[in-house]
Amino acid sequence: MNFKNYSKIIVANWKMNGSFSLINQYKNYLKKNYIKFNKKIAIVICPPFPYLTICKNKFKYKNIFLGAQNLSLSDNFSKTGEISSSIIRDTQCNFVILGHSERRNLFKESDKLISNKVNESLNNKINVIICIGENLSEKRKSNTFKVLKKQIYKSLSNNCSPKNTIIAYEPVWSIGTGKTPTIEEINKIHTYIKKILNIKYHLKNYKFKVLYGGSVNKKNSKDILSLKSVDGVLVGGASLNIIEFAHIINFNKN
Ligand code: PGA
């Protein structure tokens, strides 16, 4: 997938949700409405592992891609219950979400581990969506920029480039809470992230795509997606309802 072909990238992160029934709701809705979708918007659906292949078979549209939500390092294959990058690759998945705050917090994933996973995914030709974001106490101490810079330097890897890596700015305090930064704050923070990525990777223009994630819904998506510094959104809760999710995808028609 060439990211440059798309004006925005909209990701559905189903987290530990989903069912055959949800897949069929998506399928039926897309069958009737896909024709009206803007084909310059890439849609990446990230269901739990067992649903990847069925989603692959049911969502055969040129701008719809699939993503996994995690992977395990292939340092040792005797890891009962884990999924490697080569298995993900085998399911023809184009993306993997790495560094999500739920994995950083609940599963104690460090920047170093995330960076190793990023490196391995890219070596297996799986594009990465790397999540970064400050928590509430870091925000209150005005440490947002410092935290983001550290995460960019430590969670990415040397083989990241604007062709294989997407960054998702997800303030932890915004995930699932209904709270979001202001439009001005999102713009300022996205511009900062792009600037730091340029410095780290010695780039001239802003080339990395940076998505916003955290309580995106049909009401706020238009304002967020209309910002030039926002290359798309990562949607959790609102992606579990195809009508609401489609509303977000069609933000410039509503
Ligand atoms: P939310 O989740 O949209 O439900 O806030 C976003 C995410 O965690 O990726």
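Since the structure is predicted, the reported quantities are computational estimates derived from the model, not experimental observations. (Residues numbered from 1 in each chain as written. Predicted model: local features only at pLDDT ≥ 70, side-chain atom pairs only at ≥ 80, totals over all residues. Heavy atoms only, no water.)

Let's shift gears to the overall build of the chain. Within the chain one finds 10 helices and eight strands. Relative to the globule expectation of 18 Å for 254 residues, the C-alpha radius of gyration of the chain, 17 Å, shows essentially globular dimensions. Overall, the C-alpha framework of the chain stretches about 50 × 45 × 35 Å when taken along its three principal axes. Looking at the chain as a whole, 52% of its 254 residues are labelled buried. (Helix = DSSP H or I, 4+ residues; strand = E, 2+ residues; numbered from the N terminus. Rg over C-alpha atoms; globule rule 2.2 N^0.38 Å. Buried < 20%, exposed > 50% of the residue type's maximum accessible area, 1.4 Å probe, protein only.)

Our focus in this paragraph is the pattern of salt bridges. Between side chains of opposite charge, a pair can form when the charged atoms approach closely. Inspection of the entire model under this criterion finds eight salt bridges. One salt bridge in this structure joins K15 and E102, with 2.7 Å as the shortest N-O distance. Placement of K15 in the loop between β1 (8-13) and α1 (20-33) and of E102 in helix α4 (residues 101-106) is noted, with a sequence separation of 87 residues between them. Residue E102 is classed as partly exposed on the basis of its relative accessible area, which comes to 28%. With a closest N to O distance of 2.7 Å, D111 and R104 form a salt bridge. Each member of the pair, D111 together with R104, is buried. One connected set of salt bridges, linked through shared partners, spans R103, E109 and K117. (Salt bridge = Lys/Arg side-chain N within 4 Å of Asp/Glu carboxyl O.)

Our focus in this paragraph is the sheet that holds strand β5 (residues 127-132). Spatially, β1-β2-β3-β4-β5-β6-β7-β8 is the arrangement adopted by the eight strands of the closed barrel, whose pairing is parallel. The average angle at which neighbouring strand axes cross in this sheet is 25°, direction not considered. This element, helix α7 (residues 144-155), spans β5 and β6 (165-169) of the sheet and lies at about 150° to β5. Sheet strands touched by helix α8 (residues 183-200): β5, β6 and β7 (209-213). Its angle to β7, the strand with the most contacts, is close to 145°. (Pairing = 2+ DSSP bridges. Axes fitted to C-alpha atoms, helices over the stretch in contact; angles between N-to-C directions. Contact = heavy atoms within 4.5 Å.)

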